[in-house]
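Fold and contact review
Chain by chain, the residues run as shown.
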Amino acid sequence: MRYLPHTDVDVQQMLDTIGVSCVDELFSWVPEECRLKRPLDLPAAKSEAELLAFLGGLAKQNTAISACDSFLGGGAYNHFIPAVIDQLVSRSEFYTAYTPYQPEISQGTLQAIFEFQTLICQLTGMDVANASMYDGASACAEAVLLTVRAGKKRHKVLLSQALPPQYRQTVATYCRYLDVELINIPQLDGVTDQTELKTLLDDQVAAVVVGYPNYFGQIEDLANIGELTHAVGARLVAAVTEPLALALFKSPGDLGADVVVGEGQSFGIPLSYGGPGIGFFAVRKKDMRVLPGRLVGETVDQDGKRGFVLTLATREQHIRREKATSNICSNQGMCILMVSIYLALHGKQGLRKLAEVNYAKAAYARDKIRQLDGFSVAFAGASFNEFVVTCPEPVVTLKQRLEQQGILAGVDLAQDYADLENGLLICVTEQNSREQIDRLVIALAGGEV
Amino acid sequence: MDFPEELKYTEEHEWIMIEGDIATIGITDFAQEQLGDIVFVELPEVGDILEAGKNLGVVESVKAVSDVYAPLSGEVVEINEELPDEPETLNNSPYESGWMIKIKVADSAALDNLLDVAAYQEFVETD
Amino acid sequence: MITTEGRGLILDEKLLFEQSQVGRVGYSIAALDVPDVTPDRSLVREEIADFPELSEVDVVRHYTRLSTWNYGVDTGFYPLGSCTMKYNPKVNEVAARLSGFADIHPLAPESFNQGALELMYNLQRDLGEISGFPAITLQPAAGAHGEFAGMLMIRTWHESKGQKRNKVIIPDTAHGTNPASAALCGYEVITVASDGILSKEAVAAVMDDDVAALMVTNPNTLGLFEADIREICDLVHERGGLVYSDGANLNALMGISRPGDIGIDVMHFNLHKTFSTPHGGGGPGSGPVGVVEKLQPFLPVPFVVKGDDGYKLEYDCPESIGRLKSFYGHFAILVRAYSYILSMGGEGLNRATELAVLNANYIRARLEGAYDLPNQQRSLHDVVFSEDGLPNDCHTLDVAKRLIDYGYHPPTIYFPLVVHGALMIEPTETESKQTIDEFCDAMLAIAEEAKNSPELLKQAPVRAKVKRLDEATAARKPKLRWNG
């Protein structure tokens, strides 16, 4: 086997040194009644060529997004990924290393994480960001736990109905057996209903959680929601599924958010059927010591030279065990690199420009669809690169019709928002050309493309 | 290791200095040495009512966390405000600049439960 | 002024922000082909202050230089105990990047992604065969996430039977994630001391009707197979509890023993350990969970099932613990793990386990005597030495740092906590006898240095990018971002 270097001579010499006669003797401590008495029933080993042929066959049964006109978003976004990213993250000094426990030989990973933490702070307008979480949904759940921990005896958390359904479901799973009461804030015209919010807020509320942009692509009035939230001493959590929006719209930090979490997949991470992505997590300085996850800090070595280390580790499970701020151990190292490289390449100008392109393309599509008979744009307020349209027929049949023409029209909202009749969530990015958008519009209107 | 004669001690490695009904509390030289470089200190607030044996604060080194327990019941009347900003003081001067809090002792009879220097020294050596 | 300091083989490299030049760009965006419209000005932010401005070549050099300061499995031997740092096959990377895997959207219709669903279905089946569990979820994002999923299923199972149990028993050799995951499910943790291995009596002494589960790691973090595991499982089951197994050390068991056959009710896998997916400088990991039949209704949603008209994602599970994250798991990691299983075959996986255990025992035989070995039982995939007996005030940390000068990644140190100054060495099967001999020679040389020139250990490392770093100051005055 090509990954197993031992020759028969090696094995014999090693057994002699150990002082046993055969490999099986090394397992003598495993009781007979615990032994598997047959070979594993798995397919025989494949050569590399056979393997690639087989996996290539499976891959071919999937339809790559690049092979169709896709307007799917809903938490996973189709953005262009510059070639530099895969070239750099393929350097195996990065991807075959582990968590930087030994800082002297992990400065590459550590500096990259320190830079990532800084980039996330700049983008979100916050003070401190950690070295990432599994994804946006689990980061949102951890944010809820943070607010309850930091909010002392407060036990209610208000979740906007316009928060992505997968985020709300994940929060519910995390809180299942904890003393946290999750309360829904209804949406009104595609954003969190502030009148309802006011009636729900009291001194037992630890946090208000809203999307920015929210699941419908709408820009929430974070500043007002923040004022209401802070008036009762609760924390405002902004959850961001499409962080490219933060290059164009005011940062949640500027608008008063206390915690900003989100999904970074948009920044250079392949869709890969929904994972891995990367959760980002940023807070104000006051909550630095209740953060979950790894943190990298700057320090100096014995010669006074700058270096980076994992720090404030006493928050974490390997030291505090059941009293840790989270059970998380890993971070999304590889994805940290992808995101950082993406942000470094685009930089101050490029990220803004890209966000403007996304905004303009979505606006173009929205206006074209608005003009179609029977279609309307569901919500009035500002949105970024996603928007909801109300269709004249059930989305399920409309989508099927378009799928046959190679168009993935968007996400059907029927399952999660029954009250939004025939609601279709459409996402337009820089990957959608004007021709693609025009084809979508024709197809929606019932034409063939 | 230094254990001043005039202080009282506990098996949780705290020292107590009694002046009238006020007790000043800190951690011993032994405790700071066991922890190593102390990087973070969390203290109660003035006015908090402490119950003997219950948590009064936390002391952290780079890779360890240690709860500090109240040796006596009473009300916190003063805390060492500088300690959170200069946690290394606990390493450098555990009995003087590194004092943690002062409490107004609720029940002076409880003082009898504390160890004198000889008893504490023996406890440290056999532990 | 330019000097030679910091140049040469190890290049210095500033932070991204320190290299930024106003007006420099590293991107290309196609000309806008629709009307240029912008949002209402009241909603628009100022430019992102201090965000970097760099050219493509700046970025490429930056990350290339950073990479040279790292040590990975491809650099050399990486015997980090409990982390199973085996070789990460290159073909797995190629497979995960096939456009039919990398460029597929999770919300596209299932008919568009049958190949992805088939792959997941097959992986569920193969992990089931390896572990002996009839049902597998691929959703958890990492080992700790899998622990959380498993413990939630245990709690939900108990509650479905009308039982409110509040405690979980965990041996003192466990990873910190175990008690942290149990606490996240609202459980109180009862720690039980183990003398190398967990005894039936020790479990019996704390087992009562308020205990929901026992969490064990098998083989445990000392590398020892829990020899009484069957009887311990029986004992817990008799009192109505369940047994969770942390699968971190499954690399010692493939084709040898299946947790699902010996009384374990739930176990998580670490695909980034046992199944060769890269550790990625910290992640992403992947932590599928296997369960016995009675826990199947509680699996997180969705999972993949095979129907008459192809594969589909199943959501209709009223007793499910719910969703743990967005979408379906770390699919790109699943592809790599499946690619590995196919490359190895059943026989190859079994051989990997045998050679991992051979390697660990060989290291043990070569170093015993020079380093203190606190546990005499036959260990499997790793070996744990203590710092007892190191002369001249040398400690485990010093040995670890000196290993860096010899060109090795140090073992896991100071864990498990039950061993004084633990040095936990896990070689894995992908290391040759020659590599291991050289490592052992270095360890023996360090033991000699500790006797004769301890300052070499105390000063180490001297041949890395930086010397020992001031972690106390980093924690006292945290500087967690660049600020100009």
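Scoring rules and cut-offs
Residues numbered from 1 in each chain as written. Chains lettered and ligands numbered in written order. Predicted model: local features only at pLDDT ≥ 70, side-chain atom pairs only at ≥ 80, totals over all residues. Heavy atoms only, no water. Helix = DSSP H or I, 4+ residues; strand = E, 2+ residues; numbered from the N terminus. Rg over C-alpha atoms; globule rule 2.2 N^0.38 Å. Buried < 20%, exposed > 50% of the residue type's maximum accessible area, 1.4 Å probe, protein only. Areas by Shrake-Rupley, 256 points an atom, 1.4 Å probe, with all protein chains shown as cover. Lys, Arg positive; Asp, Glu negative; His and termini not counted. Charge placed at Lys NZ, Arg CZ, Asp CG, Glu CD. Domains from an automatic or database assignment. Contact = heavy atoms within 4.5 Å. Buried area = accessible area lost by both parts, 1.4 Å probe. Salt bridge = Lys/Arg side-chain N within 4 Å of Asp/Glu carboxyl O. Polar contact = N/O pair within 3.5 Å; in protein donor to acceptor, adjacent residues only side chain to side chain. Nonpolar A, V, L, I, M, F, W, Y, C, P; charged D, E, K, R; others polar. Phe/Tyr/Trp six-rings, centres within 6.5 Å; stacked < 30°, edge-to-face > 60°. Lys NZ or Arg CZ within 6 Å of the ring centre and 35° of its normal. Patch = residues over 30% accessible without salt bridge, like charges linked within 9 Å, V, L, I, M, F, W, Y side chains within 5 Å. Pairing = 2+ DSSP bridges. Core = buried A, V, L, I, M, F, W, Y, C linked by side-chain atoms within 4.5 Å. Axes fitted to C-alpha atoms, helices over the stretch in contact; angles between N-to-C directions. Parallel < 35°, antiparallel > 145°, perpendicular 65-115°, else oblique. Left-handed = near helix turned anticlockwise from the far one by under 90°. Right-handed = clockwise from strand over helix to strand, strands pointing away.

A short note on the overall build of chain B
Within chain B, the regular secondary structure consists of 3 helices and 9 strands. What you see in chain B, going N to C, is helices and strands ordered as β-β-β-α-β-β-β-β-β-α-β-α. Computed over its C-alpha atoms, the radius of gyration of chain B comes to 13 Å, within 12% of the 14 Å expected for a compact globule of 127 residues. Counting only C-alpha atoms, chain B reaches 35 × 35 × 20 Å along its principal axes. Burial analysis of chain B (127 residues in total) assigns 49% to the buried set. Of the roughly 6400 Å² of accessible surface on chain B, a fraction of 42% belongs to carbon and sulfur atoms. One finds the centroid of the 5 positive side-chain charges in chain B at a distance of 5 Å from the centroid of its 31 negative side-chain charges.

Looking at the domain arrangement of chain C
All names here are of chain C. Each domain of chain C was delimited in the assignment, giving domain 1 (91–343) and domain 2 (348–471). Spacing between the C-alpha centres of domain 1 and domain 2 amounts to 30 Å. Each side of the interface is counted separately: domain 1 has 24 residues, and domain 2 has 20 residues. Of the roughly 1700 Å² buried between domain 1 and domain 2 on both sides combined, carbon and sulfur atoms contribute 63%. The interface formed by domain 1 and domain 2 includes 0 salt bridges. Connecting domain 1 to domain 2 are 7 residue pairs in polar contact (both at pLDDT 80 or more). Residue composition of the side of domain 1 that touches domain 2, by class: 13 nonpolar, 9 polar and 2 charged.

Here we look at the side chain of Glu226 of chain C
Its place among the elements puts Glu226 of chain C in the loop between strand 4 (211–217) and helix 9 (229–238). Notably, Glu226 of chain C is buried but unbridged: the nearest opposite-charge side chain belongs to Arg321 of chain A, and the N-O separation is 12 Å. Residues in contact with Glu226 of chain C, not counting those within four places in the same chain, are Ile197, Leu198, Thr217, Asn218 and Asn220 of chain C.

Section: the environment of Ala64 of chain B
Mapped onto the elements of the fold, Ala64 of chain B is located in the loop between strand 6 (55–61) and strand 7 (65–69). The class of Ala64 of chain B is partly exposed, set by a relative accessible area of 26%. C-alpha of Ala64 of chain B to C-alpha of Asp29 of chain B: the two residues are 35 residues apart in sequence and 17 Å apart in space. Beyond its immediate stretch of four places on either side in the chain, Ala64 of chain B contacts Thr314 and Ile319 of chain A together with Leu35 and Val59 of chain B.

Points about the interface of chain C and chain A
Between chain C and chain A, the residue contacts involve 204 residues of the former and 176 residues of the latter. For the pair chain C and chain A, the summed buried surface comes to about 17000 Å²; carbon and sulfur atoms form 63% of the total. There are 10 salt bridges connecting chain C and chain A. Here Arg97 of chain C makes a salt bridge to Asp86 of chain A, at a shortest N to O gap of 2.8 Å. Where chain C touches chain A, the interface holds 89 residue pairs in polar contact (both at pLDDT 80 or more). A per-element tally of the side of chain C that touches chain A places helix 10 (residues 331–367) of chain C first, with 27 residues. For the side of chain C that touches chain A, a count of residues per class yields 108 nonpolar, 53 polar and 43 charged.

A closer look at the packing of aromatic side chains
Between two aromatic rings, the relevant description is the distance of the centres plus the angle of the planes. Per the stated rule, a full pass over the model turns up 29 aromatic pairs over all chains. When the ring of Phe54 of chain A is compared with that of Tyr338 of chain C, the centres are 6.5 Å apart and the planes differ by 50°; the resulting orientation is tilted. Pair noted here: Phe54 of chain A is in helix 2 (residues 48–60) and Tyr338 of chain C is in helix 10, and the two residues belong to different chains. Residue class for Tyr338 of chain C comes out buried when judged on its relative accessible area of 1%. A ring pair is formed by Phe3 of chain B and Tyr9 of chain B, whose centres lie 6.2 Å apart and whose planes are at 85°; its orientation type is edge-to-face. We classify Phe3 of chain B as buried; its relative accessible area is 11%. Three or more aromatic residues joined by ring pairs make a cluster, and in this case those are Tyr273 of chain A together with Phe101, Phe327, Tyr328 and Phe331 of chain C. Looking at Lys46 of chain A, its charged tip hangs above the ring of Phe54 of chain A, at a distance of 4.9 Å from the centre. The ring of Trp69 of chain C carries the charged tip of Lys465 of chain C above its face, separated from the ring centre by 4.4 Å.

Some points on the interface of chain C and chain B
Taken together, the contact pairs 5 residues of chain C with 9 residues of chain B. Between chain C and chain B lies a buried interface of about 540 Å² when both sides are counted; carbon and sulfur atoms form 49% of it. A salt bridge links Lys63 of chain B to Glu471 of chain C; its shortest N-O distance comes to 3.3 Å. Taken together, the connections running from chain C to chain B amount to 5 residue pairs in polar contact (both at pLDDT 80 or more). Across the side of chain C that touches chain B, the residue classes break down as 2 nonpolar, no polar and 3 charged.

Points about a negative patch on the surface
Side chains of Glu78, Glu81, Glu82, Asp85 and Glu86 of chain B sit close together on the surface and give a patch of like negative charge. Assessed through its relative accessible area of 60%, Glu81 of chain B is described here as exposed.

Section: the sheet that holds strand 11 (residues 412–413) of chain C
Ordered in space as 10-12-11 (chain C), the 3 strands form an open sheet in which the pairing is antiparallel. Strands with a single pairing partner mark the edges of an open sheet, and in this sheet they are strand 10 (383–385) and strand 11 of chain C.

Side note on the pattern of salt bridges
Summed over all chains, the structure comprises 52 salt bridges over all chains. In this structure, a network of salt bridges that share partners links the residues Arg38 of chain A together with Glu129, Arg258 and Asp261 of chain C.

A look at the nonpolar core
Counting residues in hydrophobic clusters, the biggest one holds 213 residues, and the most contacted among them are Phe281 of chain A together with Phe275 and Tyr371 of chain C. At 17 residues, helix 10 of chain C tops the list of elements feeding residues into this core. Here Phe275 of chain C is in contact with Leu127, Ile130, Leu250, Met254, Phe269, Asn270, Ala337, Tyr340 and Ile341 of chain C, once residues within four sequence places are set aside. Counting 82 residues, the second-largest nonpolar core is a separate cluster that includes Ile113, Ala131, Val205 and Leu337 of chain A.

A few points about the sheet that holds strand 1 (residues 8–9) of chain B
Read from one edge to the other, the open sheet built from 6 strands follows the order 1-2-3-9-8-5 (chain B), with strand pairing classed as antiparallel. Because the sheet does not close on itself, it has two edges, and the strands there are strand 1 and strand 5 (49–50) of chain B.

A word on the packing of helix 2 of chain A against helix 10 of chain C
The geometry of helix 2 of chain A relative to helix 10 of chain C is characterised by a closest axis approach of 10 Å and an angle of 140° between their N-to-C directions. By the angle between their directions, the pair helix 2 of chain A and helix 10 of chain C is classed as oblique. The hand of the helix 2 of chain A/helix 10 of chain C crossing is right-handed. Mapping the contact onto sequence places Leu51, Phe54, Leu55 and Leu58 of chain A in helix 2 of chain A and Tyr338, Ser339, Leu342 and Ser343 of chain C in helix 10 of chain C. Of the residues assigned to the contact of helix 2 of chain A with helix 10 of chain C, the class counts are 6 nonpolar, 2 polar and no charged.

Thoughts on the pairing of strand 5 (residues 242–246) of chain C
All names here are of chain C. Most of strand 5 sits inside the fold, with 5 of its 5 residues counted as buried. One ladder, built from 5 bridges, connects strand 4 with strand 5; its direction is parallel. Following the sheet pairing, Leu214 is matched in strand 5 by Val243. Regarding topology, helix 9 serves as the crossover connection from strand 4 to the parallel strand 5, and that connection is right-handed.

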